[in-house]
Amino acid sequence: MAKPPDPFHEFVAEIFHGLGPVTIKRMFGGAGVWQDGIMFALLADDTIFIKADEALRAALTEEGSYPFVWQRPSDGAEIDLGYVSLPSAALDDPDEAVRWGRKALAVARAKAAAKPVRKRKKP
């Protein structure tokens with residue numbers, strides 16, 4: 001049986017509507033927000049975290065945003081995954097959310113392009 005739509009996921013799709021179609025996929029107790037095969041946002045605890053490089057992180061921090069930090073279960077180590085919360089003002093302003101989303105998408109695309117292509121193992 002399929003889970004009913006998540007109202008928070010519907011809200012996220014709505015505020016990022018100006019980016020074009022986005023897909024939200026559940027993963028590890030949260031969800032990823034994708035466009036054209038690139039994950040540019042992470043949803044956790046009803047918070048939107050967007051992919052950030054150093055420059056975008058600094059701009060987001062000036063707006064009062066904070067990083068997403070994952071705690072590794074095996075030893076409790078805190079790991080910064082490179083996502084920073086969307087500024088609260090953007091939650092009420094879809095144009096601002098899209099502006100930040102475009103920046104996060106550009107960062108995510110650049111990081112994806114910089115990764116080496118993995119070769120598949122032959123069966």
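For the structure, check the block above.
Note that the structure is a prediction, hence the values are computed from the model and not measured.

## With respect to the pattern of salt bridges
Alright, step 1. Applying the stated criterion across every chain, the model contains four salt bridges.
Alright, step 2. Among the ionic pairs, R109 bridges to D36, the shortest N-O distance being 3.8 Å. Remark: D36 occurs in the loop between β2 (30-35) and β3 (38-44) and R109 occurs in helix α3 (residues 94-114); sequence separation between them is 73 residues.
Alright, step 3. Given a relative accessible area of 39%, R109 falls into the partly exposed group.
Alright, step 4. Residue classification places D36 among the exposed positions, given a relative accessible area of 68%.
Alright, step 5. Where D75 meets R72, a salt bridge forms, and the shortest distance between an N and an O atom there is 3.0 Å.
Alright, step 6. Residue R72 is classed as partly exposed on the basis of its relative accessible area of 32%.

## Quick word on the pairing of strand β6 (residues 78-85)
Alright, step 1. Alignment of strand β4 (residues 47-51) against β6, held across three bridges, turns out to be antiparallel. If you follow F49 over to β6, its bridge partner there is S85.
Alright, step 2. Two strands pair when backbone bridges link them, and strand β5 (residues 67-71) and β6 are joined in this way by four bridges, in the antiparallel orientation. Bridged to Q71 within β6 is E78.
Alright, step 3. Here β5 folds back onto β6 in antiparallel fashion, the turn holding six residues, of which G76 has a positive phi close to 80°.

## Quick look at the pairing of β4
Alright, step 1. Burial of β4 is extensive: five of the five residues sit out of reach of the surface.
Alright, step 2. Examined bridge by bridge, β3 and β4 share four bridges and lie antiparallel to one another. Bridge pairing links A41 to I50 in β4.
Alright, step 3. Connecting the antiparallel pair β3 and β4 is a turn made up of two residues, with D45 showing a positive phi of about 50°.

## Some words on helix α1 (residues 7-15)
Alright, step 1. Every buried residue belonging to α1 is among F8, H9, V12 and I15, and all of these are buried. Projection of α1 onto a plane perpendicular to its axis shows the buried side chains occupying an angular sector of 130°, all on one side. Turned more than 90 degrees away from the buried face of α1 sit P7 and E14, all of them exposed.
Alright, step 2. Structurally, α1 contributes buried residues whose contacts are with β1 (23-27), β2, β3, β4 and α3.

## Looking at the environment of P67
Alright, step 1. Inspection of the secondary structure puts P67 in strand β5.
Alright, step 2. Each C-alpha atom, one on P67 and one on L86, is 9.7 Å from the other, the two residues being 19 residues apart in sequence.
Alright, step 3. Those residues in contact with P67, other than ones at most four positions away along the chain, are F49, R57, D80, Y83 and V84.

## Structural notes on the packing of aromatic side chains
Alright, step 1. Counted according to the given criterion, the structure contains four aromatic pairs.
Alright, step 2. Over the ring of W100 we find R99, and its NZ or CZ is 4.9 Å from the ring centre.
Alright, step 3. For K103, the ring lying beneath its charged end belongs to W100, and the centroid distance is 5.0 Å.

Cut-off values and rules
Residues numbered from 1 in each chain as written. Predicted model: local features only at pLDDT ≥ 70, side-chain atom pairs only at ≥ 80, totals over all residues. Heavy atoms only, no water. Salt bridge = Lys/Arg side-chain N within 4 Å of Asp/Glu carboxyl O. Helix = DSSP H or I, 4+ residues; strand = E, 2+ residues; numbered from the N terminus. Buried < 20%, exposed > 50% of the residue type's maximum accessible area, 1.4 Å probe, protein only. Pairing = 2+ DSSP bridges. Arc of directions from axis to C-beta. Contact = heavy atoms within 4.5 Å. Phe/Tyr/Trp six-rings, centres within 6.5 Å; stacked < 30°, edge-to-face > 60°. Lys NZ or Arg CZ within 6 Å of the ring centre and 35° of its normal.

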